[in-house]
Amino acid sequence: AYVVTDACIKCKYTDCVEVCPVDCFHEGPNFLAIDPDECIDCSLCVAECPVNAIYAEDDVPQGQEGFIQLNAELAKGWPTITQRADPPADHADWAQVSGKLQHLEK
Ligand code: SF4
Ligand code: F3S
């Protein structure tokens, strides 16, 4: 499956959701998660993300492996999102920031 990683936190551009053929993105307060049981590995979402937050499970950057399990858990509890929405007002302040896990709202 593909995995949403740290860069998405507090940016949540949602450009990724409309290209997904199986609607497997789920929306939380400031992050999206991919349901690994639904993702068909088409890779279409990867190029849509302005902050390159999405990786194939096998290519998740070192130190971000925890997002694999996190996507699986969070996707189960969050509603599906299929239409693009406005990002948070302060998205630009966070686009270049890494290590945002402590800001993830569940
Ligand atoms: Fe959806 Fe394809 Fe991205 Fe998986 S890889 S989340 S199926 S767009
Ligand atoms: Fe997040 Fe990128 Fe989608 S910031 S919401 S993974 S377009």
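Residues numbered from 1 in each chain as written. Chains lettered and ligands numbered in written order. Predicted model: local features only at pLDDT ≥ 70, side-chain atom pairs only at ≥ 80, totals over all residues. Heavy atoms only, no water.

## Focus on the pattern of salt bridges
Rule in force here: Salt bridge, as used here, is a side-chain nitrogen of Lys or Arg placed within 4 Å of a carboxyl oxygen of Asp or Glu. Numbering of helices and strands runs from the N terminus; a helix is a DSSP stretch of H or I covering at least four residues, while a strand is a stretch of E covering at least two. Relative accessible area decides the class of each residue, using a 1.4 Å probe on protein chains only: under 20% of the type maximum gives buried, over 50% gives exposed, and in between gives partly exposed.
Per the counting criterion, the structure on display carries four salt bridges. For Lys76, the salt bridge goes to Asp35, with nearest N and O atoms at 3.1 Å. You can see Lys76 sitting in helix H1 (residues 66-77) and its partner Asp35 sitting in the loop between strand E3 (32-34) and strand E4 (54-56), a full 41 residues away along the chain. A relative accessible area of 5% means that Asp35 is categorised as buried.

## Let's talk about the site of ligand 1
So the rule is basically this: Each residue is tested against the molecule or strand, and it is near if at least one of its non-hydrogen atoms lies within 4 Å. Here the term charged refers only to Asp, Glu, Lys and Arg, the term nonpolar to Ala, Val, Leu, Ile, Met, Phe, Trp, Tyr, Cys and Pro, and the term polar to all other amino acids, Gly among them.
Lining the immediate environment of ligand 1, one finds Tyr2, Cys20, Pro21, Val22, Cys24, Phe25, Ile34, Cys39, Ile40, Cys42, Ser43 and Cys45. Among the residues making up the shell around ligand 1, the classes are represented as eleven nonpolar, one polar and no charged.

## Focus on the packing of aromatic side chains
Definition in use: Classification of ring pairs rests on two measures: the distance between centres of Phe, Tyr or Trp rings, Trp counted by its six-membered ring, which must be within 6.5 Å, and the angle between planes, read as stacked under 30 degrees, edge-to-face over 60 and tilted in between.
For the coordinates displayed, the defined rule picks out two aromatic pairs. Aromatic side chains Phe31 and Phe67 sit 5.9 Å apart centroid to centroid with 50° between the ring planes, which places their arrangement in the tilted category. One end of the pair, Phe31, is in the loop between strand E2 (25-27) and E3; the other, Phe67, is in helix H1, and 36 residues separate them in sequence. Of the two residues examined, Phe31 and Phe67, each falls in the buried class.

## A word on the environment of His26
Basically, it comes down to this: In what follows, residue pairs with any heavy atoms lying within 4.5 Å of each other are defined as contacts. What qualifies as a polar contact is a pair of N or O atoms within 3.5 Å, subject to a donor-acceptor requirement within protein and to the restriction that residues adjacent in sequence count only when both atoms come from side chains.
As for its position among the elements, His26 is in strand E2. Taking the C-alpha atoms as reference, His26 lies 5.4 Å from Ile81; in sequence the two are 55 residues apart. Once you skip the residues sitting within four places of it in the chain, His26 turns out to touch Phe31, Leu32, Ala33, Asp35, Ala75, Trp78, Pro79, Thr80 and Ile81. Polar side-chain contacts of His26 include one of 2.7 Å to the backbone oxygen of Trp78.

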